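# Architecture at a glance
Listed below, chain by chain, are the residues.
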Amino acid sequence: MLKSKTFVKKTRSGRVMKIVREHYLRDDIWCGSEACDECKQESTVLQQEACIESNLCSYPHYLIPDTNVVLHQIDVLGDPVIRNVIILQTVLQEVRHRSAPVYKRLKDIMHEKEKHFYTFTNEHHRETFIEREPGESANDRNDRAIRVAARWYSQHLKTPKSSTDGLKVVLLTNDQGNKQKAEDSGLLVYKCEEYIKSLIANPDLMDRLALSSDDKNEITSSKVLFPEHLPLSRIQTGIKSGSFLQGTFRASRDNYLEATVFVQGEGEDSTEVLIQGLQDLNRAVHQDVVAVQLLPRNQWVAPSSVVLQDEGTAKDDDIEEEEEEKVLRISAHEAARKPTGKVVGIIKRNWRPFCGMLNVSQIKESTRHLFTPADRRIPRIRIETRQASTLAGQRIMVAIDGWPKDSRYPNGHFVRSLGSAGEKDTEEEVLLLEHDVPHQAFSQAVLSFLPKMPWAITPEDMVRREDLRHLTVCSVDPPGCTDIDDALHCRDLENGNLEVGVHIADVSHFIRPGNALDKEAASRGTTVYLCGKRIDMVPELLSSNLCSLRSNVERLTFSCIWEMNHKAEILKTRFTKSVINSKASLTYAEAQMRIDDATKNDSITKSLRGLNKLAKILKRQRIEKGALTLSSMEVRFHMDSETHDPIDLQTKELMETNSMVEEFMLLANISVAQKIYDEFAECALLRKHPPPPPSNYDILLKAAKSKDVEIHTDSAKALADSLDVARVDGFPYFNTLLRILATRCMMQAVYFCSGMDSDFHHYGLASPIYTHFTSPIRRYADIIVHRLLAAAIGADSTYPDLMDKHKQSALCINLNYRHKMAQYAQRASVSFHTQLFFKNRGIVNEEGFVLFVRKNAIIVLIPKFGLEGTVFFDTKDKTAPNLVFDEEGPTLNVEQHTFHIFDKVKVTISLDDSNIQHQKIRMALIDPVIPGVSVPAPDIEPQAKKPKLD
Amino acid sequence: MAGMELLSDQGYRLDGRKATELRKVQARMGVFAQADGSAYLEQGNTKALAVVYGPHEMRGSRSRTLHDQAVINCQYSMATFSTAERKRRPHGDRKSTEMSLHLKQTFEAAVMTQLYPRSQIDIYVKILQSDGGNYSVCVNAATLAVIDAGIPMRDYVCACTVGFVDETPLADLCYAEEGGGVSSLALALLPRGGQIALLQMDARLHQDHLERLIEAAMTACKGVGKVLDEVVRQHLQEVSVLTSD
């Protein structure tokens, strides 16, 4: 049954090497068709009645797409209408090589039972394997292999029984040459468009068709706008010789004509290359992996501080842009210039479907429209659709198909509609999709791993568990919190010391490694908190019930217990799985009241007082070591209970009890980090916070200097100390502003696997080692840490993936990504709700501070709302005022007035909904009064406008 | 782009085998007349030549002599042309020395050395072409050579490598698979009694998987054993036909 075939391959990996591999040909690969009685297959995938109603093929048929059809028309193939498709191994391998996202989608489709996609391993089938002929290119060989397999299928299905059914196979290809050859050899072959168009009753599939290369030419003029991309082979030699650099393309949010390419260097040093202008950006899209060539030094430029948006309507010509580019090119100071380059080729596209809205073309009959993505870093996309009138005003998803060099915009196709714009549900959906937050309901497979209700603690649970039900444990959380994952206790010991315990919900008891529930949680990575909505990482039964340490119920926990003296020095640390019975779940305010109320003397209050006292000492010690206390504005919305619209908003205030809980959580995390690192030096999951590069502090230093305040950034401690003393008389808010700025200078803290890194330091907390242990309900990292700790103390067994540092580090990458996205989603949700709030509020006048100065705008922070907004000084319809920007200050001169950082200004806030997709808060200057720039303070009539809700 | 897919969803490996399938094994015994025993064995693209001298008197230092059993002396080498890039040193490097030692241990467990006290058995193995699983191919070839020399053994010694990919054990790894980041394990088995002559692994593997992996290795070894048995019988038939003439 085995046939051996040896063949010789030449590959280039630096030099020419001959690779000899065996290639076995088999005769036990079946066709997968129900209609076939020749093959001895156990299960069939392809149906006998394979009917897709089509004008072209009125008989039952199977489809065989070639590689390009799969690569470009994956959206069509994914449609439920398309069934009974044979994916050849040749095609699958080529797709895998060419595009990872398409490959993943194809695999997902193949796994769907009702799609009836069958993978035929033609390369190992005795009758369909072909050898590459002399002079034949690899692509031609593959095309031939596809044709040979198609012919084999059509002959195979003709035999005995199936002949009566007239079952046929249809080859789909977009390649003219391939089609011709296939026709010559008597195969049924259609172009993808032809076939899709012929489908009866599915006209909407047409819209999803990606534009093929023939169509592109007729769309755009023959004018070539962009330089040609270099072929991959040239790029690779260029990268090797050092004339090109490889990096990730990051478009600028503020300026569509500017981008940076992040080049990962060896070890720590990585550089950023600036790219300016449409020509040099050369059709790269945000997140693509590109090759760049550095420009000669005399052509280097500085990043412009201009905020520029591609706002023209459906303009296809580029006259105006040239002007804009000129504005950009204004030479900056020598020092500010950065390495500048141009994109010479694309190594890997990273296109995904984008959310956004349609700009309906002015020509009524036109089927071609421009699509504006919600993400400003993505260029607008030209799509073809017949449903423009229905889609207008809706949020839709569009995928990019390609970007020919003679087109100003990339071409794409419509994927699906999300609902009408401006509606809260649609907007939330967009927000989640744009930030890649998995938010579907949990699948049945996942739910099947939940414990059966009613749930109670069994004696088996008690094995290797300590009974701490007698302790006075309580939890302190923000109001309205239903996923309580931590509780505390503190009591006096007989020897005069104190025993302090942190009890964390034992989520890993319920989520066992490797099952569907675990996989889902690992992929979600974190719970995402939006305003008034929570996207859970684990199903609600766990998050709000079984794992939530509510008061007066018995709950399984993982405890970290210290023995401390009254100077808060740790004498002993102990970890154990346990059972607790929380005596009270308090809010921060309630806990604070108990501590302050001298008349209360019950055990809970005593415990709280003890904790509070120790926490203060711990905090002081931590700050002495150089931990930073930074500031960022966090706002809380008061929601209307019925409409869920925000009624009021206030910045979150911090109480002593907040920091009390935080202090013990930090302590627990550090203790656990040390423990798991001692036990598993290779595979401990830790969290680090790298120190920022000194250049990050520039803006902070400049800002502080403008107020004659000195900030030291040599170490975390120096920074913390200088921030503490930074004060300006008569400007109490100055310190907070400085801290906000300092926060912006920081790097992201990240998870990592200890076996893969050597630098563990946590800069912000000034701790040599740190991890996350205290919130397993909402963070997956904590679950892994729980498992590691459980294995370390012998309360649970390890499993293979836990000990595999490569798998761990892959997990870390996902977790870091999810956390970042969750943060962005959260911010986006806040800003959306802020907009809703101001929509209801009407126009408001407010005082604020200048946070940043840009070339043509100032960014203003309104402390009352924690709101940041931009005041533009040059608007398109007005003549620009006289602007002079000074990089050094940085200051901006507008007519006679000079803006510095931290200047106090008065602005009027209103909602700008002229562009429904990017509704934004518009701020206009009231005070200081600059003629021609500032606006007169409008009359405020909020009382009348405010809907009567109470 | 991403590395090679060692095991496809359809259950085929890079070269078209299924997870448990061995490569094609071909062997010939008695390839050299002057040696006491010899064999040539191909397992896929890995090709090895084994030659046995002995049992004979101790040569060289007599101090190594054992009074109750024979000493087994193994030497492993790789032909300079056995790999894609020409090898500099055919034998004597650390890897070869280690391999020689492993072979020695394997055959000490299988050969009935107590029958030949104060004597020596030399086993020389050379890899002519290397495509993964060098150790196991050497063991298999040497087994045939020892049998050809007429030295009594407890059983065939059959060896096979197994790797672990996507929660599936793969039998008889080829070079591409060995290089693909698979944790691989080599096992030499006396198939009839199921005794393990040698087990060698220097990759990381979680304990939970070890049992399955060994089981797969044993099944693979038994498969090899069947092939070797057939070769021996075939050879005997040919020889007896020749001698009966």
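The shown structure was predicted, so the numbers you read here are calculated from the model rather than taken from an experiment.

Another point: the overall build of chain A. Looking only at helices and strands, chain A has 28 helices and 37 strands in total. Among the 950 residues that make up chain A, the fraction classed as buried is 53%. Total accessible area on chain A stands at roughly 43,900 Å², and carbon and sulfur atoms take up 50% of it.

Moving on to the overall build of chain B. Counting secondary structure elements, chain B contains four helices and nine strands. Within the span of chain B, comprising 245 residues, buried residues form 50% of the whole. Within chain B, counting contacts between residues at least 6 apart in sequence, those at least 24 apart form 69% of the total. Summing over all exposed atoms, chain B offers an accessible surface of approximately 11,900 Å²; the carbon and sulfur share of this is 49%.

General note: in soluble globular proteins, nonpolar side chains tend to be found buried as a group. Residue and element names in this part refer to chain A. By size, the foremost hydrophobic cluster in this structure holds 89 residues, and its most contacted members are Leu542, Trp562, Leu608, Met660, Phe664, Leu685 and Tyr780. Examining the composition of this core, we find that ten residues originate from one element, helix H26 (residues 780–792), more than from any other. Sequence-distant contacts of Leu685, that is, excluding residues within four places in its chain, are made with Ile676, Tyr751, Phe752, Thr771, Ala781, Ile784, Val785, Leu788, Gln808, Leu811 and Cys812.

So, about unusual backbone geometry. In this chain, Gly54 of chain B is followed by Pro55 of chain B through a cis amide linkage whose omega measures -5 degrees. Inspection of the secondary structure assignment puts Pro55 of chain B in strand S3 (residues 46–57). The phi dihedral of His116 of chain A is positive, around 55 degrees, even though this residue is not glycine. Within the fold, His116 of chain A resides in the loop between helix H4 (100–111) and strand S5 (117–120). At Ala568 of chain A, a residue that is not glycine, the phi angle is positive and equals roughly 65 degrees. Positionally, Ala568 of chain A belongs in the loop between strand S24 (554–564) and strand S25 (570–587).

Residue and element names in this part refer to chain A. Here we have five strands rolled up into a closed barrel, ordered S13-S14-S15-S17-S16, and mixed in their pairing. In this sheet, adjacent strand axes meet at a mean angle of 55 degrees when their direction is disregarded. Bridge count for strand S13 (residues 354–359) against strand S16 (residues 394–402) is four bridges, and the pairing is antiparallel. In the strand pairing of S16, Phe354 is matched with Val398.

Next up on the list: the sheet that holds strand S8 (residues 183–190) of chain B. Residues and elements named next belong to chain B. Taking strand neighbours across the sheet as the criterion, the four strands line up as S7-S6-S8-S9 in an open arrangement whose pairing is antiparallel. Edge positions in the sheet fall to strand S7 (168–171) and strand S9 (195–200), since each of these pairs with one other strand and no more. Ignoring strand direction, the axes of neighbouring strands in this sheet form an average angle of 30 degrees. Relative to S9, S8 is paired through five bridges, and the arrangement is antiparallel. The residue of S9 that forms the bridge with Ala188 is Leu198. Packed on one face of the sheet, helix H1 (residues 94–110) meets S8 and S9 and runs near 170 degrees to S9.

All names here are of chain A. Packing of helix H14 (residues 424–434) against helix H27 (residues 805–841) leaves a shortest axis separation of 10 Å and a crossing angle of 155 degrees. As far as their axial angle goes, H27 and H14 are roughly antiparallel. Regarding H14 and H27, the two cross each other, and that crossing is right-handed. Along its contact with H14, which presents Lys424, Glu427, Glu428 and Leu431, the element H27 presents Ala825, Ala828, Ser829, Phe832, His833 and Leu836.

Our focus in this paragraph is the side chain of Arg395 of chain A. One can find Arg395 of chain A in strand S16. For Arg395 of chain A, the side chain forms a polar contact with the side chain of Glu427 of chain A, separated by 2.6 Å.

Right, let's get into the confidence of the model for chain A. Residues and elements named next belong to chain A. Considering every residue of chain A, the mean pLDDT works out to 80; 85% of them sit at 70 or more. Here residues 213–222 is modelled with pLDDT under 50, and outside its nearest four sequence neighbours on either side it reaches 13 contacts, counting other chains as well. Contacts for the low-pLDDT stretch residues 940–950, under 50 throughout, to residues beyond four places or in other chains number nine contacts.

Moving on, we get to the interface of chain B and chain A. Contacts between the two partners involve 28 residues from chain B and, on the opposite side, 29 residues from chain A. Where chain B meets chain A, there are three salt bridges. When the shortest N-O distance is used, the salt bridge between Lys107 of chain A and Asp9 of chain B registers 3.2 Å. There are ten residue pairs in polar contact (both at pLDDT 80 or more) connecting chain B and chain A. The residue inventory of the side of chain B that touches chain A, partitioned by class, reads eight nonpolar, seven polar and 13 charged.

The axes of two packed helices give the description: the angle between them and the distance between them. Residues and elements named next belong to chain A. Two elements in contact, helix H3 (residues 89–98) and H4, have axes whose closest approach is 6 Å; the angle formed by their N-to-C orientations is 140 degrees. When the axes of H3 and H4 are compared, the pair comes out oblique. Pair H3 / H4 crosses with left-handed handedness. Contact residues: H3 offers Leu92, Val95, Arg96 and Arg98, while H4 offers Ala100, Val102, Tyr103, Leu106 and Met110. For the contact of H3 with H4, a count of residues per class yields seven nonpolar, no polar and two charged.

This paragraph deals with the packing of aromatic side chains. Geometry of an aromatic ring pair is reported as the spacing of the ring centres plus the angle between the planes. Residues and elements named next belong to chain A. This model, assessed by the stated rule, comprises nine aromatic pairs over all chains. On the basis of an interplanar angle of 85 degrees and a centroid distance of 5.2 Å, the ring pair of Trp152 and Tyr153 is categorised as edge-to-face. Residue classification places Trp152 among the buried residues on the basis of a relative accessible area of 11%. Between Phe752 and Phe760, the aromatic rings sit 5.4 Å apart at their centres with planes inclined by 45 degrees, giving tilted as the arrangement. A residue is classified by how much of its surface remains accessible, and Phe752, at 6% relative accessible area, is buried. Exposure remark for Phe760: the relative accessible area of 13% places this residue in the buried category. Above the ring of Phe262, the side-chain terminus of Arg250 is found at 4.5 Å from the ring centroid. In this structure, Arg687 packs its charged tip against the face of Tyr751, placed 4.6 Å from the ring centre.

On a regular strand, one side chain projects to one face of the sheet and the next to the other, so that they alternate. Residue and element names in this part refer to chain A. What you see with strand S32 (residues 867–872) is a clean split: Leu867, Gly869 and Val871 sit on the buried side and Glu868, Thr870 and Phe872 on the side with no burial. The sheet contact formed by strand S31 (residues 857–862) and S32 spans six bridges and is antiparallel. Within the sheet, the bridge partner assigned to Ile859 lies in S32 and is Thr870. In this structure, the hairpin formed by S31 and S32 is closed by a connection of four residues, where Gly866 is found at a positive phi of approximately 60 degrees.

Glancing now at the confidence of the model for chain B. Confidence along chain B averages 90 in pLDDT terms, with 98% of residues attaining 70 or more. Two numbers describe this predicted complex: its pTM, 0.65, and its ipTM, 0.88.

Before going further, it helps to examine the side chain of Asp485 of chain A. With respect to the element layout, Asp485 of chain A can be found in the loop between strand S19 (473–477) and strand S20 (486–492). Setting aside residues up to four positions removed in sequence, Asp485 of chain A forms contacts with His503, Ile504, Ala505, Leu549, Thr774, Ser775, Pro776, Ile777 and Arg778 of chain A.

Residue and element names in this part refer to chain A. This model, assessed by the stated rule, comprises 43 salt bridges over all chains. A salt bridge links Asp288 to Arg349; its shortest N-O distance comes to 2.6 Å. A residue pair is termed long-range when its members are at least 10 positions apart, and Asp288 in the loop between helix H11 (278–281) and strand S11 (289–294) and Arg349 in the loop between strand S12 (341–348) and S13 qualify at 61 residues. With a shortest N-O distance of 2.9 Å, Arg787 and Asp518 are connected by a salt bridge. You can see Arg787 sitting in helix H26 and its partner Asp518 sitting in helix H18 (residues 516–524), a full 269 residues away along the chain. Given a relative accessible area of 5%, Arg787 falls into the buried group.

Rules of the game
- Residues numbered from 1 in each chain as written.
- Chains lettered and ligands numbered in written order.
- Predicted model: local features only at pLDDT ≥ 70, side-chain atom pairs only at ≥ 80, totals over all residues.
- Heavy atoms only, no water.
- Helix = DSSP H or I, 4+ residues; strand = E, 2+ residues; numbered from the N terminus.
- Buried < 20%, exposed > 50% of the residue type's maximum accessible area, 1.4 Å probe, protein only.
- Areas by Shrake-Rupley, 256 points an atom, 1.4 Å probe, with all protein chains shown as cover.
- Contact = heavy atoms within 4.5 Å.
- Core = buried A, V, L, I, M, F, W, Y, C linked by side-chain atoms within 4.5 Å.
- Pairing = 2+ DSSP bridges.
- Axes fitted to C-alpha atoms, helices over the stretch in contact; angles between N-to-C directions.
- Parallel < 35°, antiparallel > 145°, perpendicular 65-115°, else oblique.
- Left-handed = near helix turned anticlockwise from the far one by under 90°.
- Polar contact = N/O pair within 3.5 Å; in protein donor to acceptor, adjacent residues only side chain to side chain.
- pLDDT = per-residue confidence, 0-100.
- Salt bridge = Lys/Arg side-chain N within 4 Å of Asp/Glu carboxyl O.
- Nonpolar A, V, L, I, M, F, W, Y, C, P; charged D, E, K, R; others polar.
- Phe/Tyr/Trp six-rings, centres within 6.5 Å; stacked < 30°, edge-to-face > 60°.
- Lys NZ or Arg CZ within 6 Å of the ring centre and 35° of its normal.

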